[in-house]
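If you want the building blocks of each chain, they are given just below.
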Amino acid sequence: DAGVIQSPRHEVTEMGQEVTLRCKPISGHNSLFWYRQTMMRGLELLIYFNNNVPIDDSGMPEDRFSAKMPNASFSTLKIQPSEPRDSAVYFCASSLIAMETQYFGPGTRLLVL
Amino acid sequence: EDQVTQSPEALRLQEGESSSLNCSYTVSGLRGLFWYRQDPGKGPEFLFTLYSAGEEKEKERLKATLTKKESFLHITAPKPEDSATYLCAFVSGNTGKLIFGQGTTLQVKP
């Protein structure tokens, strides 16, 4: 299996622009998670989906962040408008079912200028 | 409140010098403990899952153990390629979320 796939791997944008991060989970996995990692706060869960349905989005920092999962093989995390404090590494992870082992993608390194 | 604390924050070892990393937790209704390894610029890589106190798992030079309040990752005769950040995480029984510690950055010198 190819593992969790994320794109782009790096993104540099200017404040105010829209940013869209993409994730393809491992085939057959029913749960998908979006995390953000910073030096100050470590790994934080933003939102997770179960069978394409958002279950818990309490970690989404504010309304500028939104996530969708239109089908079992694709999810997006959108930031609109982006701000410099959004600069971080964003990881997508998937698991067979919630509460089981999560497998992480390589991450998207986002820099907002 | 669910909380995970890892110690030490950083650890420097000479090649062959065995040591242990600690992960202590306060979690309502533990549903599983996970250890991950993270190399710079990469995503966390799964190592072990432990579910109950007394459980142990091994992989090459690594052995993970679990008690009711903490978990240890024992590294026996480490090599430079073991250098990485090691993360532990717990699944909260209340929320079902994976709660990560801040990690221990291990450097093994030849």
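Look above for the structure.
Residues numbered from 1 in each chain as written. Chains lettered and ligands numbered in written order. Predicted model: local features only at pLDDT ≥ 70, side-chain atom pairs only at ≥ 80, totals over all residues. Heavy atoms only, no water.

S.K.: Would you explain the side chain of Q6(A) in this entry?
M.R.: Residue and element names in this part refer to chain A. Residue position: Q6 is located in strand β1 (residues 5–7). By relative accessible area, Q6 is classed as buried at 5%. A polar side-chain atom of Q6 sits 3.0 Å from the main-chain carbonyl oxygen of Y90. Reaching out from Q6, the side chain makes a polar contact with the backbone nitrogen of G107 at a distance of 2.9 Å. (Helix = DSSP H or I, 4+ residues; strand = E, 2+ residues; numbered from the N terminus. Buried < 20%, exposed > 50% of the residue type's maximum accessible area, 1.4 Å probe, protein only. Polar contact = N/O pair within 3.5 Å; in protein donor to acceptor, adjacent residues only side chain to side chain.)

S.K.: What's the story with the layout of surface pockets in this structure? I'm lost.
M.R.: With a probe scaled to a water molecule rolled over the atoms, the places where space remains empty come into view. A volume near 680 Å³ is recorded for the largest pocket. Around the largest pocket, the lining is made up of 28 residues, and of these Q37(A), T38(A), M39(A), Q38(B) and T85(B) lie nearest the centre. Counting only elements with at least two residues in the lining of the largest pocket, the list comes to β4 (31–38), β5 (42–50), β9 (88–95) and β11 (108–112) of chain A together with β9 (84–91) and β11 (104–109) of chain B. Sort the elements by how many residues they give to the lining of the largest pocket and β9(B) lands first, with three residues. Across the lining of the largest pocket, the residue classes break down as nine nonpolar, 14 polar and five charged. Considering only enclosed or pocket space, the second largest pocket measures out at about 330 Å³ in volume. Listing elements by their share of the lining of the second largest pocket, those giving two or more residues are β5 of chain A together with β10 (98–100) of chain B. (1 Å grid on protein atoms, 1.4 Å probe; cavity = no way out; pocket = protein on both sides within 12 Å on 5 of 7 lines; lining within 4 Å. Points joined across faces, edges and corners; volume = space filled by probe spheres on them. Nonpolar A, V, L, I, M, F, W, Y, C, P; charged D, E, K, R; others polar.)

S.K.: Is there a simple way to think about the pairing of β9(B) in this case?
M.R.: Residues and elements named next belong to chain B. With eight of its eight residues buried, β9 lies for the most part within the structure. Alternating residues of β9 divide into A84, Y86, C88 and F90 and T85, L87, A89 and V91, and every residue in both groups is buried. When strand β4 (residues 33–38) meets β9, the two strands line up antiparallel, connected through six bridges. Note that in β9 the partner of W35 across the bridge is C88. One ladder, built from three bridges, connects β9 with β10; its direction is antiparallel. Each bridged residue has a counterpart across the sheet, and for V91 the counterpart in β10 is L98. Here β9 folds back onto β10 in antiparallel fashion, the turn holding six residues, of which G96 has a positive phi close to 75°. (Pairing = 2+ DSSP bridges.)

S.K.: Any chance you could explain the interface of chain A and chain B here in plain terms?
M.R.: When the parts come together, some accessible area is lost, and that loss is often what is quoted as the size of the interface. Tallying the contact residues gives 22 residues for chain A and 19 residues for chain B. Of the roughly 1500 Å² buried at the junction of chain A and chain B (both faces included), carbon and sulfur atoms supply 54%. Between chain A and chain B we count one salt bridge in total. Close ionic contact of D56(A) with K97(B) constitutes a salt bridge, the shortest N to O distance being 3.2 Å. Of all the secondary-structure elements, those providing two or more residues to the side of chain A that touches chain B are β4, β5 and β10 (103–104) of chain A. No other element matches the four residues that β5(A) contributes to the side of chain A that touches chain B. Of the residues contributing to the side of chain A that touches chain B, the split by class is 11 nonpolar, six polar and five charged. (Contact = heavy atoms within 4.5 Å. Buried area = accessible area lost by both parts, 1.4 Å probe. Salt bridge = Lys/Arg side-chain N within 4 Å of Asp/Glu carboxyl O.)

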